[in-house]
Amino acid sequence: MVLASLRAACVQLQHRANDRAYNLAQIDHFVAQAQAQQVQLLVFPEMCISGYWHVRKLDVPALEALAEPVDGPSIRHVVQLAQRSGVAIGAGWLERGADGRLFNSYAVCLPDGQRHVHRKLHAFEHPHIHSGDRYTVFDTPWGVRAAILICWDNNLVENVRACALAGATLLIAPHQTGGTDSRSPHGMKRIPLQTWAQRDSDPQAIEQTFKGDSGRGWLLRWLPARAHDNGMFVLFSNGVGPDDDEVRTGNAMLIDPYGRILAETWAAADAMVVADLDLQLIDMCTGQRWLRGRRPELYASLAQRRGDELGPLQARFSLQPTHALPAPESQRT
C-alpha cells in the first residue's frame, strides 16, 4: 500500500575526522529533532560517521583501524536508534567487508530492524577503498521502492536510470561535495578556508559562496534533472564546512519528481530540512511517462566499452584531455 505522503528530512553536518563518538552524537541530536517533527525518513551525509576527505592521506593501517563491519558498533548504534525513535535513518561510514576489503558504504536502517547497505560504485577516496558492484534498490514501509547512490554515483546518469528501471521512485543521495577542486575549467573550485572562518563576521560572503557555482549553482545544473528525468524524489544530504582542506557547501535539499525543490538550506552551519513528499506525484509525472517511451533496442552502446574508460580515482583526478584537439597549423609538420 502506497502512503499518500512521506515526511522526510535531509541533514547537512560537519563531521570530525576519525571521531565516531562525536559524529554519532550528532546523529543522535538530529534524530531527536526529527522524531519531534514526526519525520519518517532521515538522511545523513556520506561517511559522516568515520569522516571523509582526510582518509585519502591515511596509510593502510590507519585506514583499516577506522573501518568497521556492517554489524560493528556504529551501525548497531544507528539500527538501535531507528528502532527506539521510529525514524528510518540513513548514514555513511567506512565499511570492512567480510572478505576484508574496505568500502565507502551507506546503511539505511529501518525501525523494524531491517537495514539496506549500499557500497559506492565509483569510490575514489583512497586506492585501498574498493568500489561496489551492484545497485541497492529495496521496498520500503511507505509503499515506494527506494535506491541509494553515494555522491559521484549520482553524477553518472546511467546509475540513476538503472535504479529507476528497477522501480525506484525515491533516491537517497548522500554526498560530500561543494568546494572541490574540479579538473573541469567551469566546474566547482576550492573555497578559501578563510571564507568559512569569517562566516559570522561576513555572512554575506559565505552565503554568496554557498549559493554560487561551487555550491548550489553547480548542483542545480544537474541534480534536479536526475529527479525529473527519472520520475523520482531525490533526497540530497551533504557535509558542511571544512573537510580537511576543502569546504563543503551543505545545500541539503529535497526534490520532487518534477525537479522542483521542496525544501533547502544554504546555511553555513549544521542544519536539517524537512518536507512532506506527496507520493501521489509519482504517477503520471513526466519522468515516469518518459520511461514508458524508451526504445531499449537502440541502447546497446550504453553497455559497451569505448576503450578509454578509467578507474574512478583516475577519472576523477586525471588531467589527461578527454578530447585532444588537433595542433595548430603552425605546429604541424
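Structural data are supplied above this passage.
Being a predicted model, the structure only gives us computed values, none of them experimental. (Residues numbered from 1 in each chain as written. Predicted model: local features only at pLDDT ≥ 70, side-chain atom pairs only at ≥ 80, totals over all residues. Heavy atoms only, no water.)

Peer 1: Would you explain the pairing of strand 3 (residues 88-96) in this entry?
Peer 2: If a strand is regular, its side chains alternate between the two faces of the sheet. Taking burial as the measure, the 9 residues of strand 3 include 8 buried ones, the bulk of the element. Bridge analysis of strand 2 (residues 41-43) against strand 3 gives 3 bridges, and the strand direction is parallel. Within strand 3, the residue paired with L41 across the bridge is A88. Pairing of strand 3 with strand 4 (residues 102-109), which is carried by 8 bridges, proceeds in the antiparallel orientation. Following the sheet pairing, R96 is matched in strand 4 by L102. Between strand 3 and strand 4, which pair antiparallel in sequence order, lie 5 residues; one of them, G100, sits at a positive phi of approximately 90°. (Buried < 20%, exposed > 50% of the residue type's maximum accessible area, 1.4 Å probe, protein only. Helix = DSSP H or I, 4+ residues; strand = E, 2+ residues; numbered from the N terminus. Pairing = 2+ DSSP bridges.)

Peer 1: I tried to follow the nonpolar core on my own but got confused; where do I start?
Peer 2: One broad rule of soluble globular proteins: the nonpolar side chains tend to lie buried together. Grouped together as the largest cluster of nonpolar side chains are 28 residues, with contacts concentrated most on L41, L170, L235, L254 and L277. Looking at this core, the elements with two or more residues in it are strand 1 (5-13), strand 2, strand 4, strand 8 (145-148), strand 9 (168-174), strand 10 (233-243) and strand 14 (271-278). Once residues lying within four places of it in the same chain are set aside, the contact partners of L277 are A4, S5, L6, A8, L170, F233, L235, L254 and L262. In terms of nonpolar packing, the next biggest core, distinct from the first, is built from 25 residues, L24, F30, V78 and A82 among them. (Core = buried A, V, L, I, M, F, W, Y, C linked by side-chain atoms within 4.5 Å. Contact = heavy atoms within 4.5 Å.)

Peer 1: What is the right way to read the environment of N104 from this model?
Peer 2: Along the chain, the position of N104 falls in strand 4. In sequence terms N104 and I75 are 29 residues apart; their C-alpha atoms lie 14 Å from each other. Every residue in contact with N104, bar those within four places of it in the chain, is listed here: E46, M47, Y52, W93, H118, R119, K120, E125, I129, H130 and I150. Looking at N104, its side chain comes within polar contact range of the side chain of E125, at 3.3 Å. (Polar contact = N/O pair within 3.5 Å; in protein donor to acceptor, adjacent residues only side chain to side chain.)

Peer 1: What exactly am I supposed to notice about the state of the cysteines here?
Peer 2: Working definition of a disulfide: a covalent bond connecting the sulfur atoms of two cysteines. Per the stated rule, a full pass over the model turns up 0 disulfides. Here C10 is not cross-linked by a disulfide; its sulfur's nearest cysteine counterpart is in C48, at 12 Å. Among the residues examined, C10 registers a relative accessible area of 0% and is labelled buried. For the unlinked cysteine C285, the closest cysteine sulfur is that of C163, found at 16 Å. (Disulfide = S-S within 2.5 Å.)

Any functional reading would require information that these geometric values do not contain.
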